[in-house]
Amino acid sequence: MVPDFQRLGSASCQGVMWEAFYRSDLTPDSVLSHNLCTVLNVPHDPVALEEHFRDDDEGPVSNQGYMPYLNKFILEKVQGNFDKVEFNRMCWTLCAKKNLSKSPLLISDEDAFKVWVIFNFLSEDKYPLIIVPEEIEYLLKKITEAMGAGWQQEQFDHYKIALNTSREGLSAWELIDLIGSGQFSKGMDRQTVSMAINEVFNELILDVLKQGYMLKKGHKRKNWMERWFVLKPNIISYYVSEDLKDKKGDIILDGNCCVEALPDKDGKKCLFLIKCLDKTFEISASDKKKKQEWIQAIQSTVSLLRAGSAPPHKEARQKRKELRQKLLAEQEELERQMRELQAANENKQKELETVRKQLEAAAARAAEEEKKRLQTQVELQDRFSLELEREKMVRQKMEEQVAQKSSELEQYLQRVRELEEMYKQLQEALEDEKQARQDEETVRKLQARLLEEETAKRAELEKWHLQQQQTIQMTEAEKQELENQRMMKEQALQVAMEQLKQLELERKEALEQYEEVKKKLETAANNTKSWKDKVAHHEGLIRLIEPGSKNPHLITNWGPAAFTEAELEQRQRSWKGKKATSE
């Protein structure tokens, strides 16, 4: 039975302990269980563990076996907050001594341990654990890129073909032998290979997305110190050095964090700022390229946190696994369809064999029937020959009768044509007669219509003559009336001209009177002014009171009127009376 390792935080670790226990010479006991509980942070009672491993048949280990006991009493209590590297190291310690190759390898035991842990991450989720060729290619490419070497695709294709012919994949120990043999790292020293394995281990197992030295500004003393920064999916840790022994602090990342580039200041270059909810961190990279790489890496990490996505390498592994499962399902479906097609092909072959036999039997029957048909055909030909001779004789007689009947028919048709010709001539004569009668009727109707029109025109002319006489009479009366009106208007015009002349004379008289009065007023005004000057000179402030006009003055278009308003009204009444008399 394979233990349930879903709680351990990685589905690829389901067979790790199974490998460790069944590939080691150790006997499970309370000490091993205690160490497992310690590594996995599972609360346990040492005394209860001793009771589980009693020599009698009452303990759970004796009743169920160690692996079911391991699932029930240890693994089901795992919460996931344990050091997975230490867990893998414990399992490595149990099984490495027995299974690790004794032949000299290009890699150290520590590098072999890291390859073993990477194998557990990339292996398929089934026991026995193996790593498929696609994941081997992925791992070897990562190591080759970390070493800075070129990938030999053709060499791996040959290796993959040889591997596929024998098995599905490699075990952990075979993978260690493959990498340790230096087959895909020729020309590289042990240190370069070790550094490449460590870089891939940090990325895939420790979730290290980026690491390197940078300067960090302190929060209290505001001094700049060099630190080794390690970027993980949700945290940035910084240490004194790259050995990771002296940790100085963490920068907790979440979806609310952001990173911004800063201008150079205080003699520091390549600055950028990490803003979190509670703190802000100022960091200086070694050059612009490193600065841009760190900003992009942190922004990508924050974006993944906002989206709730897994780290890139885990997401890529899941996609590769889903792609393999999809290809496997398609291959199985294709194999199933091939089997169905093969079965259908076999059924078709059987059906074709049956049809062939039926065709052979049908051909034999057809040959027999053809023989009978030919014999029957000969007999029918003889019979038809006799009947044909008789038919020829009958036909000759019929032709003679037809010739005689044709002559009679020709004579009959000639008579019919003559009768038809006579009938056509009679029809034409009848038509001519009908046309003459219609023409005569048309002329008679035309004469009647012309007579009616002449009568109507004569009546209309008489009517017009009467109307013209009446119009002449009315015109004479209107002319006499208009002449009378013209005479009256001329008389009225003559009277109006006389009145206008009279008014003109009166206006001239009024103007002469106005001029006389105006001269008198000017003389009086001059006298009054000289008199006022004398009085003012002698008597000071004395003001003379002048008499005013008793009647209001009338103003005309030529100045003040020479007559009063009553006189004007009397003149208007006189003029109206004269006008009425003239009309």
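Residue positions are given per chain, counting from 1 as you read along its sequence in written order. Restriction of local features to residues with pLDDT of at least 70 applies here, the model being predicted, together with a cutoff of 80 or more for giving and counting side-chain atom pairs; totals for whole chains, interfaces and linings are based on all residues. Side-chain numbers here rest on the full set of heavy atoms in the structure, without hydrogens or water.

On to empty space enclosed by the protein, then. Cavity means a closed set of points on a 1 Å grid over the protein atoms alone, one where a 1.4 Å probe fits but cannot get out, pocket means an open set with protein on both sides within 12 Å along at least 5 of 7 lines, and lining means a residue has an atom within 4 Å of a point. Grid points are joined across faces, edges and corners, and a volume is the space filled by probe spheres set on the points. One pass over the full model with this rule turns up one cavity of 30 Å³ or more. In this structure, the largest cavity encloses a volume near 70 Å³. Taken together, Leu140, Ile143, Thr144, Met147, Leu178, Ile179, Phe184, Ser185 and Val193 form the lining of the largest cavity. Strands here mean DSSP runs of E at least two residues long; helices mean DSSP runs of H or I at least four residues long; both are numbered from the N terminus. Of all the secondary-structure elements, those providing two or more residues to the lining of the largest cavity are helix H8 (133-147) and helix H10 (172-180). The biggest single contributor to the lining of the largest cavity is H8, with four residues. Throughout, the ten residues Ala, Val, Leu, Ile, Met, Phe, Trp, Tyr, Cys and Pro are labelled nonpolar, Asp, Glu, Lys and Arg are labelled charged, and all others, Gly among them, are labelled polar. Within the lining of the largest cavity, the residues separate by chemical class into seven nonpolar, two polar and no charged.

The next point concerns the confidence of the model for the protein. Summary of the metric used: pLDDT quantifies the predictor's per-residue confidence within the range 0 to 100. Chain-level statistics for the protein give a pLDDT mean of 80 and a share of 84% at 70 or above. Every residue in residues 1-14 is under pLDDT 50, and counting partners more than four places away or in other chains gives 42 contacts. Per-residue pLDDT stays below 50 along residues 541-545; that stretch engages in three contacts with residues further than four places along the chain or on separate chains. Contacts were defined at the residue level, with two residues in contact if any of their heavy atoms lie within 4.5 Å.

The subject of this paragraph is a nonpolar patch on the surface. Exposure above 30% relative accessible area and no salt bridge define the residues that can form patches, which grow by joining like charges within 9 Å and nonpolar side chains of Val, Leu, Ile, Met, Phe, Trp and Tyr within 5 Å. Computed with the Shrake-Rupley method and a 1.4 Å probe, the accessible areas treat only the protein chains shown as cover for residues. For salt bridges, the criterion is a side-chain nitrogen of Lys or Arg within 4 Å of an Asp or Glu carboxyl oxygen. Side chains of Leu334, Met338 and Leu341 sit close together on the surface and give an oily, nonpolar patch of about 310 Å² of accessible area. Looking at where Met338 falls in the secondary structure, it is placed in helix H13 (residues 312-539).

Neither His nor the chain ends is counted toward charge; the positive residues are Lys and Arg and the negative residues Asp and Glu. The location of each charge is read from NZ of Lys, CZ of Arg, CG of Asp or CD of Glu. Side chains of Glu420, Glu421, Glu428, Glu431 and Asp432 sit close together on the surface and give a patch of like negative charge. Position of Glu428 relative to the elements: it lies in helix H13.

Turning our attention to the nonpolar core. Residues Trp92, Trp116 and Ile176 are the most contacted members of the largest nonpolar core, which totals 56 residues. Counting only elements with at least two residues in this core, the list comes to helix H2 (30-39), helix H6 (84-99), helix H7 (109-122), H8, helix H9 (153-166), H10 and helix H11 (190-204). The element that contributes the greatest number of residues to this core is H7, accounting for nine residues. The contacts of Ile176, once residues within four sequence positions are left out, are Trp92, Leu100, Leu105, Ile107, Ala112, Val115 and Trp116. Throughout, nonpolar core names a set of buried Ala, Val, Leu, Ile, Met, Phe, Trp, Tyr and Cys residues whose side chains join them through atoms within 4.5 Å. Relative accessibility under 20% of the residue-type maximum defines a buried residue, over 50% an exposed one, and the middle range a partly exposed one, all with a 1.4 Å probe and only protein chains included.

The next thing to look at is the layout of surface pockets. The computed volume of the largest pocket comes to approximately 880 Å³. Lining the largest pocket we find 29 residues, and of these Asn198, Glu199, Asn202, Val208 and Gln211 sit closest to its centre. Taken together, the elements giving at least two residues each to the lining of the largest pocket come down to H8, H11, strand E1 (210-217), strand E2 (224-232), helix H12 (288-307) and H13. Sort the elements by how many residues they give to the lining of the largest pocket and H11 lands first, with eight residues. Its residues assigned to classes, the lining of the largest pocket shows 15 nonpolar, eight polar and six charged.

So, on to the sheet that holds strand E5 (residues 258-262). Strand pairing requires that DSSP identify at least two bridges connecting the strands. Pairing within the open sheet is antiparallel, and its seven strands lie in the order E4-E3-E2-E1-E7-E6-E5. Looking at strand neighbours, the two that pair on one side only are strand E4 (247-252) and E5, the edges of this open sheet. Going across the sheet, the axis of each strand differs from the next one's by a mean of 35°, ignoring polarity. Of the strand pairs in this sheet, strand E6 (residues 271-275) and strand E7 (residues 280-284) are connected by five bridges, and their pairing is antiparallel. Looking across to E7, one finds that Ile274 is bridged to Phe281. Axis lines are fitted to C-alpha atoms, over the contacting stretch for helices. Their N-to-C directions set the angle, which ranges from 0 to 180 degrees.

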